[in-house]
4 protein chains.
Amino acid sequence: MSDPIESELTSLIENSPYLSWLGLEIVSIELDKIHVRARWRSDWVANPTIGQTQGGILAALVDFAADFSLFTRVRRPLPTIDLRIDYHRMAKKGSLLAEGSVVKYGSRISVAEARVTTEDGELVASGRGTFLTQDLG
Amino acid sequence: MSDPIESELTSLIENSPYLSWLGLEIVSIELDKIHVRARWRSDWVANPTIGQTQGGILAALVDFAADFSLFTRVRRPLPTIDLRIDYHRMAKKGSLLAEGSVVKYGSRISVAEARVTTEDGELVASGRGTFLTQDLG
Amino acid sequence: MSDPIESELTSLIENSPYLSWLGLEIVSIELDKIHVRARWRSDWVANPTIGQTQGGILAALVDFAADFSLFTRVRRPLPTIDLRIDYHRMAKKGSLLAEGSVVKYGSRISVAEARVTTEDGELVASGRGTFLTQDLG
Amino acid sequence: MSDPIESELTSLIENSPYLSWLGLEIVSIELDKIHVRARWRSDWVANPTIGQTQGGILAALVDFAADFSLFTRVRRPLPTIDLRIDYHRMAKKGSLLAEGSVVKYGSRISVAEARVTTEDGELVASGRGTFLTQDLG
């Protein structure tokens, strides 16, 4: 935990009620890339018969991973302008991994993408978001 | 609660861990349209200093309202193929309303849209999803 | 043609090689809404056996109609940040109508949507775009 | 031109009024990937003062490159269900390159993405589309 970016991010997750609820922990970080794990919880289940994780959880993971790939540059979470998520297969019970990476860093607007997989590496969702880079201050 | 579609939907929400966690209740239903309320909970908060609701919650509401506007035709939840969400303004602490409506009902693929507002009627997010109409059975 | 917004738009279309090629003419304009017709040309055809209009033409119409619904407020074309198009049915040979309307006008970023129909009123595509409202000057 | 996939694609482009108008030629093809060049033409220009290529052209290139990365598997163009395009910077006068690659090949629905660059390698647009894999026959 000597990496300052990782410490900043961990503390941001710990202070966020929603990100804590999502059970996020950082797997690795490098410039323009982030890899996180989200610990499965029973609240994620859309339908108890099928047991699949609800799409809003996958959307939150795409949003988080895309946004935080940009954190490696700007050191703050950026407001999401819009988000697109493609659902590739049902996410069954189990923790999930999300990898985010920057598509285009811009001084006003940036685009980043993310992939969400099971712990076995199966792709369950992917997508991209547009973020407001410019500081509103 | 004499409306059978409303009873089916209410029971579907009650049996779904995630939809119950989201605190959904039906405000009104008519063909191709649904209006729901989601009860605010502190787990929704992205950042405790600002207090705003995390974007994944708004994505889940767009997904739910769009999908369930189609429920009025097909009487089952449809798999989401993809989703697009536009974030218009920060959603501060408070319950949210979501209205879903059908854009195009198709025998294989359908498109529906949704708007998420505060209880005061301020638009916080909107979007649309593509759903697999065809029964996989 | 006494309406100054309509004159400005007509001259903008006439001066634009691409918009002229698209055969655009304004049907009606009001605040936050625009209705245009695009004259079919044989170059639009994706596949001569089927005769359908290529998706890029429909994307251009969604982009134009969404963007120019905002023109009624800002009196200049806005840069498109991103675009989403849903294709609902094949667009056969024939001119097309596009209606654009504002979803959210913002001082920095705006969202607008559009529907593309045949002259008989059949919905062939719809979508939305995000636009940079802020003047870059 | 001994590669049969390349011959099929070249003949498909030559027979398509719109794809011919776009000036497409294949640079390279491999499984799940395609790289094409589109020859600039003055009809592409949105605004003669600025000289930039209109967004509908970039959308058509994203659609084509994404769709035809799937052609390497299915040997036919697939119907586009929906498309998302991010515009990263203005495309000035000049031919464009588009690279498409498969994100997820599915038996019913597939997702593919594309990047559009100038001949100098500057990223001007990127995006992804959802395609109907299933034969409608």
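**Describing the packing of helix 3 (residues 55-74) of chain C against helix 3 (residues 55-74) of chain D**
Here's step 1: The geometry of helix 3 of chain C relative to helix 3 of chain D is characterised by a closest axis approach of 8 Å and an angle of 140 degrees between their N-to-C directions. By the angle between their directions, the pair helix 3 of chain C and helix 3 of chain D is classed as oblique. The chirality of how helix 3 of chain C crosses helix 3 of chain D is right-handed. In contact with Gly55, Gly56, Ala59, Ala60 and Asp63 of chain C of helix 3 of chain C, helix 3 of chain D contributes Gly55, Gly56, Ala59, Ala60 and Asp63 of chain D.
Here's step 2: A breakdown of the residues in the contact of helix 3 of chain C with helix 3 of chain D according to their chemical character gives four nonpolar, four polar and two charged.

**Some thoughts on helix 3 (residues 55-74) of chain B**
Residue and element names in this part refer to chain B.
Here's step 1: Compared with an ideal rise of 1.5 Å per residue, which puts 20 residues at 28 Å, helix 3 spans 28 Å between its outermost C-alpha atoms and is within 8% of the ideal.
Here's step 2: Burial analysis of helix 3 places 19 of its 20 residues in the buried class, which makes it a mostly covered element.
Here's step 3: Its side-chain oxygen 2.4 Å from the backbone nitrogen of Gly56, Gln54 forms the N-cap of helix 3.
Here's step 4: Trailing helix 3 by a residue or two, Arg75 shows a phi angle of about 60 degrees, which is positive.

**Description of the relation of the copies chain B and chain C**
Here's step 1: Each copy superposes on the other: chain B lies on chain C with an RMSD of 0.0 Å after a rotation of 180 degrees and an axial shift of 0.0 Å. When the rotation and shift are considered jointly, the pair of chain copies conforms to a two-fold rotation axis. Measuring from the rotation axis to each C-alpha of chain B, the shortest distance belongs to Arg84 of chain B, at 4.0 Å.
Here's step 2: Counting the interface residues of chain B, we find that 100% of their copies in chain C are interface residues as well, pointing to one common contact surface.

**Topic: unusual backbone geometry**
Here's step 1: Its identity is not glycine, yet Arg75 of chain A carries a phi of approximately 60 degrees, on the positive side.
Here's step 2: Looking at where Arg75 of chain A falls in the secondary structure, it is placed in the loop between helix 3 (55-74) and strand 3 (80-87).

The rules behind each value
Residues numbered from 1 in each chain as written. Chains lettered and ligands numbered in written order. Predicted model: local features only at pLDDT ≥ 70, side-chain atom pairs only at ≥ 80, totals over all residues. Heavy atoms only, no water. Axes fitted to C-alpha atoms, helices over the stretch in contact; angles between N-to-C directions. Helix = DSSP H or I, 4+ residues; strand = E, 2+ residues; numbered from the N terminus. Parallel < 35°, antiparallel > 145°, perpendicular 65-115°, else oblique. Left-handed = near helix turned anticlockwise from the far one by under 90°. Contact = heavy atoms within 4.5 Å. Nonpolar A, V, L, I, M, F, W, Y, C, P; charged D, E, K, R; others polar. Expected span 1.5 Å × (residues − 1). Buried < 20%, exposed > 50% of the residue type's maximum accessible area, 1.4 Å probe, protein only. Polar contact = N/O pair within 3.5 Å; in protein donor to acceptor, adjacent residues only side chain to side chain. Least-squares fit on C-alpha atoms with pLDDT ≥ 70 in both.

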